[in-house]
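Here are the chains, one letter per residue:
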Amino acid sequence: MTDPAAVARFSAGSAPRGLDLDRLTAYLAAHRPGLTGPLSARLIAGGKSNLTYLLRAGDREVVLRRPPLGHVLATAHDMAREHRVISALAPTGVPVPEALLLCADESVIGAPFYLMAKVDGEVYRRREQTDALTPAQRRDLAMAMMDTLATLHRVEPAEVGLADFGRPDGYLGRQVRRWAGQLDRSRSRPLPGIDELRDALAASVPEGANAGRIVHGDYRLDNLLATVDPVAVRAVLDWEMATLGDPLADLGLLLTYWDVLGDSDHGEGNPVADGIGPRAGFPIGAELIERYAGRAGVDVGPLHWHVALGCFKLAVICEGIHYRHTLGQTLGEGFDRIGDMVAPLVAHGLRAVREN
């Protein structure tokens, strides 16, 4: 689900960390007999949270998702939720991979996991990838990203069996409390200003007039599989934080990636913000908001608070990844720089919440 240069090579019968191929082979023989033959797997690089593997069974390739190794924050890596939401969205206009199997038995590979179909496309994550695009392709890709988000937010949860997927009332306040709790479980060093940001958010929670939509929870360009000839979003990935809530939370977090990190020195060379935003030749955030507002049927209104929440949430996520990296529990490259993003995110979040 990303370019071959960014993944470890297949080796017949080999098992990258986080997989037990012998147990997995036996489990699939009993529960998904169509996936037969010697198993081999490779870790798909770039995942900063749940682990994603390309699994080969004979002449067929599928994708396996499981939680990260060690220090798993409560509720943050729920495989059943991911499997449920992509299954529910399959008949809608939201592009998602086909869900194939869910396993809650941790004895198989050491954690719950699910399988989904492999989707062809590219994850645009690095500057050398987006630099290769024409200005028209960058613009069209950004607009396709926003059209897809608008399509998601137009889905009626009850019509796809997701009426009980979350508790929309009080969603924004719970988000502040939830990420404050995650922060407390990830602290390993002083983090100046982050408690002030938490308190300022908690003291100014907006009413959330748009509550009740399906929220992705981490919507951004490199959580999409896309093509540029023609430009299209082929699949939305990484649904681990999806719920029912206020869609402006998705928009605020996207703008945090796009304008806060993607248009500053802090994003340069960083694995989550290097190839996006105005510095990489994409439209500015205001154009993204305009495109989304014209298609989503959502009252966008002032977004300062939602951007501040996005900064807080992303700072907590980065701190959790930094903590796992210090414990040697991350797989892939670029994790040594994730912790450097926390301070600028906190600073921008404080400015945004004060402006709100």
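Heads up: the structure comes first, above all this text.
The rules we used
- Residues numbered from 1 in each chain as written.
- Predicted model: local features only at pLDDT ≥ 70, side-chain atom pairs only at ≥ 80, totals over all residues.
- Heavy atoms only, no water.
- Helix = DSSP H or I, 4+ residues; strand = E, 2+ residues; numbered from the N terminus.
- Buried < 20%, exposed > 50% of the residue type's maximum accessible area, 1.4 Å probe, protein only.
- Contact = heavy atoms within 4.5 Å.
- Areas by Shrake-Rupley, 256 points an atom, 1.4 Å probe, with all protein chains shown as cover.
- Expected span 1.5 Å × (residues − 1).
- Arc of directions from axis to C-beta.
- Salt bridge = Lys/Arg side-chain N within 4 Å of Asp/Glu carboxyl O.
- Bend = angle between axes of the 7 residues up to and from the residue.
- Pairing = 2+ DSSP bridges.
- Axes fitted to C-alpha atoms, helices over the stretch in contact; angles between N-to-C directions.

Participant: How do you make sense of the overall build of the chain when you look at a structure like this?
Facilitator: For the chain, the helix and strand inventory stands at ten helices and nine strands. Split into buried and exposed, the 356 residues of the chain put 56% on the buried side. Long-range pairs, those at least 24 residues apart, make up 74% of the contacts in the chain with a sequence separation of at least 6. Total accessible area on the chain is roughly 14200 Å²; 49% of this is exposed by carbon and sulfur atoms.

Participant: Help me understand unusual backbone geometry in this model?
Facilitator: The phi torsion of most residues other than glycine is negative, and most of the peptide bonds are trans. In this structure, Pro 230 follows Asp 229 across a cis peptide bond, with omega equal to 5°. On the secondary structure map, Pro 230 appears in the loop between strand S7 (224–228) and strand S8 (231–236). For Asp 238, which is not glycine, the phi dihedral falls at a positive 60°. Its location among the elements puts Asp 238 in the loop between S8 and strand S9 (243–245).

Participant: Got a minute to help me understand helix H8 (residues 285–296) in this structure?
Facilitator: Compared with the 16 Å implied by 1.5 Å per residue over twelve residues, the 16 Å span of H8 between its first and last C-alpha is a close match. Where H8 is concerned, the buried positions are Gly 285, Leu 288, Tyr 292 and Ala 296. Along the axis of H8, the buried residues cluster in a sector spanning 55°; they form a single face. In H8, the exposed positions that point more than 90 degrees away from the buried face belong to Glu 290 and Gly 294. The inward-facing, buried residues of H8 contact helix H4 (135–154), strand S6 (213–215) and helix H7 (248–261). Positive phi appears at Gly 297, one or two residues downstream of H8, with a value of about 65°.

Participant: Explain the pattern of salt bridges to me, please; I cannot follow it from the model alone.
Facilitator: One side chain can pair with another of opposite charge once the charged atoms of both are near each other. Tallied over the full model, the rule gives 21 salt bridges. Among the ionic pairs, Arg 84 bridges to Asp 164, the shortest N-O distance being 2.5 Å. Within this pair, whereas Arg 84 is found in helix H2 (residues 79–89), its partner Asp 164 is found in the loop between H4 and helix H5 (171–184), the two being separated by 80 residues in sequence. We classify Arg 84 as partly exposed; its relative accessible area is 33%. Using a relative accessible area of 56% as the deciding quantity, one classes Asp 164 as exposed. Arg 354 is the partner of Glu 196 in a salt bridge, and the nearest nitrogen-oxygen pair spans 2.6 Å.

Participant: Would you mind showing me how to read H7 here?
Facilitator: Owing to its 3.6 residues per turn, the α-helix aligns residues three or four sequence positions apart on the same side. Compared with an ideal rise of 1.5 Å per residue, which puts 14 residues at 20 Å, H7 spans 18 Å between its outermost C-alpha atoms and is within 8% of the ideal. The axis of H7 is deflected most strongly, by about 25°, at Leu 255. Burial analysis of H7 places 13 of its 14 residues in the buried class, which makes it a mostly covered element.

Participant: Looking at this model, I keep getting lost on the sheet that holds strand S5 (residues 113–117). Mind explaining?
Facilitator: Sheets are built from strands that pair by backbone hydrogen bonding, the pairs being arranged parallel or antiparallel. What the five strands build is an open sheet, ordered S1-S2-S3-S5-S4; its pairing is antiparallel. With one partner strand each, in any of the chains shown, strand S1 (39–43) and strand S4 (99–103) form the two edges of the open sheet. Sheet twist, expressed as the average angle between the axes of neighbouring strands with direction ignored, equals 25°. Packed onto the sheet, helix H1 (residues 21–31) meets S1, strand S2 (51–57), strand S3 (60–66), S4 and S5 and runs at close to 120° relative to S1. H2 contacts S3, S4 and S5 of the sheet and is inclined by roughly 155° relative to S4.

Participant: What am I meant to see in the pairing of S2 here?
Facilitator: Strand residues, when the strand is regular, have side chains that alternate between the two faces of the sheet. Of all seven residues that make up S2, six are buried, and the element is covered over most of its length. Inspection of the sheet shows S1 paired to S2 by five bridges, in the antiparallel sense. The residue bridging Ser 40 from the neighbouring strand is Arg 56, located in S2. Examined bridge by bridge, S2 and S3 share seven bridges and lie antiparallel to one another. Opposite Leu 51, over in S3, you have Arg 66 as the bridge partner. The antiparallel pairing of S2 with S3 creates a hairpin that spans two residues between the two strands, and Gly 58 there sits at a positive phi of about 65°.

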